[in-house]
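Geometric and topological summary
This is what each chain is made of:
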Amino acid sequence: KLALGLDGNDSPERVQEYVYTGADEFLAGYVSPRWVETYGWDISPNRRKGPDLQFNDLGCLREVIETIHANNARIAFTVNAHQFCAEQTSLLRELVDQLESIQPDAYIIADPAVLLLFREWGVRTPVQLSVGAGCFNSDNIRFFTEMGNVQRVVVPRKMAIEEMHTLTQRMADTGVEFEAMIIGPRCLFNDEYCFTWHSHAASLFCAQFVDAATSTM
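Residues numbered from 1 in each chain as written. Predicted model: local features only at pLDDT ≥ 70, side-chain atom pairs only at ≥ 80, totals over all residues. Heavy atoms only, no water.

Of all 6 residues in strand β3 (residues 74-79), 5 are buried; the element is thus mostly enclosed. Pairing analysis gives 5 bridges linking strand β2 (residues 25-29) to β3, with the strands arranged parallel. From the neighbouring strand, Phe-26 faces β3, where its bridge partner is Ile-75. Where β3 meets strand β4 (residues 106-109), 4 bridges bridge the pair, whose relative direction is parallel. Note that in β4 the partner of Val-79 across the bridge is Ile-109. Where the polypeptide runs from β3 across helix α4 (residues 89-100) and back to β4, its parallel neighbour, the crossover connection is right-handed. (Buried < 20%, exposed > 50% of the residue type's maximum accessible area, 1.4 Å probe, protein only. Helix = DSSP H or I, 4+ residues; strand = E, 2+ residues; numbered from the N terminus. Pairing = 2+ DSSP bridges. Right-handed = clockwise from strand over helix to strand, strands pointing away.)

Written out as structure tokens, the structure reads:
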């Protein structure tokens, strides 16, 4: 399967083109108007900042998801901030309720507390564990599966092919799916260890370490 990330500039017509070129799964972020009114774009439920990197109009998003489902494809929504504080949970529930109304196929999460909240709220939509969940071993994954409806695990970016093979073999009895990301920039800080925000700054703290490491190779 080929999963493709969408942003706020992707229209139903563009999604149709993606399907024609081979994409059969999609992932996207959504930030509700009330979330933006409360926190602006600096605090995101999915670690992406800015209106162009995600959807913020539920009507447009509904048209996109209808196009995806009409083509027998699937979409998962990212709610994968590393953590949510107590005061954010009411807005998080409102956001999830809005997404539930347009029938997503899955949610991508990183915070184990979100699994418990989903169970409390009666959300039955399957969950995919983000790289931010740091699932490096089978015990880690089994812990998550006991907490909620885990359908898939996105393996950490730094895992070797041999490690992925061992992990999938040890989880073969569960039916859990596995996914590996293809991403351009390689960061020395793996996602689950990164608690910084990538902004539009000219020089990023983590990028300095990457540049230093590559220059010595």
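Okay, back to it.
Quick look at a negative patch on the surface now. Together, Glu-13, Glu-17, Asp-57, Glu-63 and Glu-66 make up a negatively charged patch on the protein surface. Of all the secondary-structure elements, those providing two or more residues to the negative patch are α1 (12-20) and α3 (58-70). The topology assignment puts Asp-57 in the loop between α2 (33-39) and α3. (Patch = residues over 30% accessible without salt bridge, like charges linked within 9 Å, V, L, I, M, F, W, Y side chains within 5 Å. Areas by Shrake-Rupley, 256 points an atom, 1.4 Å probe, with all protein chains shown as cover. Salt bridge = Lys/Arg side-chain N within 4 Å of Asp/Glu carboxyl O. Lys, Arg positive; Asp, Glu negative; His and termini not counted. Charge placed at Lys NZ, Arg CZ, Asp CG, Glu CD.)

This part takes up the packing of α1 against α3. Closest axis-to-axis distance for the α1/α3 pair is 9 Å, and the angle between their directions is 25°. It follows from the interaxial angle that α1 and α3 lie roughly parallel. Helix-helix and strand crossings are classified by hand; for α1 and α3 the assignment is right-handed. Between α1 and α3, the residues in contact are Pro-12, Val-15 and Gln-16 and Glu-63, Val-64, Thr-67 and Ile-68, respectively. Broken down by class, the residue content of the contact of α1 with α3 amounts to 4 nonpolar, 2 polar and 1 charged. (Axes fitted to C-alpha atoms, helices over the stretch in contact; angles between N-to-C directions. Parallel < 35°, antiparallel > 145°, perpendicular 65-115°, else oblique. Left-handed = near helix turned anticlockwise from the far one by under 90°. Contact = heavy atoms within 4.5 Å. Nonpolar A, V, L, I, M, F, W, Y, C, P; charged D, E, K, R; others polar.)

What follows is about the packing of aromatic side chains. Evaluation of the coordinates by the stated rule reveals 6 aromatic pairs. Here Tyr-18 and Phe-26 contribute two aromatic rings whose centre-to-centre distance is 6.5 Å and whose plane-to-plane angle is 40°, an arrangement assigned as tilted. Between the aromatic rings of Phe-143 and Phe-144, the centroid separation amounts to 5.8 Å while the plane-to-plane angle is 70°, which identifies the pairing as edge-to-face. Classification of Phe-144 as buried rests on a relative accessible area of 5%. Pairwise contacts between aromatic rings join Trp-35, Tyr-39 and Phe-84 into one cluster. (Phe/Tyr/Trp six-rings, centres within 6.5 Å; stacked < 30°, edge-to-face > 60°.)

On to the environment of Arg-170, then. When you line up the elements, Arg-170 lands in helix α7 (residues 161-170). Of the residues examined, Arg-170 reaches a relative accessible area of 56% and is grouped as exposed. Once the C-alpha coordinates of Arg-170 and Asp-139 are considered, the two residues, 31 residues apart in sequence, prove to be 9.5 Å apart. With residues near it in sequence (within four places) discarded, Arg-170 still touches Ser-138 and Arg-142.

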